[in-house]
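In case you want the letters, here they are:
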Amino acid sequence: MPVALTGIYRENVAALLVRRDGQVLVGECADKPGCWSFPQGGVDAGETRREALARELAEETGLSPRDYRILRSRGGYAYDYPGGHLKKGIYRGQRQTYFLCLMLRDGPVARRNRRGKSHEFLRLAWARPATFDLGMVPVFKRATVRSVLADFFAVDRPLPDAAGAVDAADVDSDAML
């Protein structure tokens, strides 16, 4: 039986943090071990998208705006939560703006923010966009991530089926942070 979609989309920002070697930062989701995501989060009331990006990166990676430079951004991406779930009782999904950011410093990225609070990732790693396995992304986000990889990195990858196995082979385990 189809699920009737109600609710609104929450505004969201996501970071594509790229090193000079072309690898992008991904994190293993704490609430879904084995699933990987780009740093991202909601835009709070009264906050610009750039302000939300800076806040989310500080919260999730400990980075400040002096650690990266925004190269470009693109919006218009969206996904629905599975099964008609409404987050916070009203959000059916997220409408995302992605920011391509160049890392300006070498060295590790923290998994804790500056206050020492743990956040959304179990671990962070650098991945090659051209070989990143979409099977590592939560099923309901795969089409969006596929579009993002195509738009920002000219990577055209087929979507795995919903049962696609999570395989960390395309994440640089030597560069785990």
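From a predicted model like this one, the values you see are computed outputs, not experimental measurements.

Asks: Hey, could you run me through the overall build of the protein chain in this one?
Replies: For the protein chain, the helix and strand inventory stands at 2 helices and 8 strands. Element order for the protein chain, N to C, with α for helix and β for strand: β-β-β-β-α-β-β-β-α-β. Looking at the 177 residues of the protein chain, the share that counts as buried comes to 45%. In the structure as shown, the protein chain presents an accessible area of about 9000 Å², 51% of it carried by carbon and sulfur atoms.

Asks: Just checking my understanding: could you explain the pattern of salt bridges for this structure?
Replies: Here the idea is simple: oppositely charged side chains can pair when their charged atoms come close. In this structure the tally under the stated criterion is 13 salt bridges. Residue Glu 28 pairs with Arg 123 through a salt bridge whose shortest N-O separation is 2.6 Å. Of this pair, Glu 28 sits in strand E2 (residues 24–29) while Arg 123 sits in strand E7 (residues 121–127), placing them 95 residues apart in sequence. A relative accessible area of 29% places Arg 123 in the partly exposed class. With a shortest N-O distance of 3.7 Å, Lys 32 and Asp 31 are connected by a salt bridge. Within this structure, Asp 44, Glu 47, Arg 55, Glu 56 and Glu 59 form a network of salt bridges that share partners.

Asks: I keep staring at helix H2 (residues 142–153) and nothing clicks. Help me out?
Replies: For an α-helix, 3.6 residues make a turn, and residues three or four places apart therefore share a direction. When the terminal C-alpha atoms of H2 are compared, their 16 Å separation across 12 residues agrees well with the 16 Å that a helix rising 1.5 Å per residue should span. Within H2, the full set of buried residues consists of Arg 142, Thr 144, Val 145, Val 148, Leu 149 and Phe 152. The buried residues of H2 all sit within an arc of 155° when viewed along its axis, so they share a single face. Positive phi appears at Ala 154, one or two residues downstream of H2, with a value of about 55°.

Conventions we followed
- Residue numbers run consecutively from 1 along every chain, following the written order of its sequence.
- Given that the model is predicted, a residue must reach a pLDDT of at least 70 before its local features are reported, and side-chain atom pairs must reach 80 or more before they are shown or counted; all residues, however, enter totals for whole chains, interfaces and linings.
- As a convention, hydrogens and water are excluded, and side-chain values are obtained from all of the structure's heavy atoms.
- The helix and strand labels rest on DSSP assignments: H or I over at least four residues marks a helix, E over at least two residues marks a strand, and numbering proceeds from the N terminus.
- Summary of the burial criterion: residues with accessible area below 20% of their type's maximum are buried, those above 50% are exposed, and those between are partly exposed, where the area comes from a 1.4 Å probe applied to protein chains only.
- Computed with the Shrake-Rupley method and a 1.4 Å probe, the accessible areas treat only the protein chains shown as cover for residues.
- Salt bridges are defined by distance alone: a side-chain nitrogen of Lys or Arg within 4 Å of a carboxyl oxygen of Asp or Glu.
- For a helix, the expected span equals 1.5 Å multiplied by the residue count minus one.
- When we speak of the arc, we mean the arc of directions from the helix axis to the C-beta atoms.

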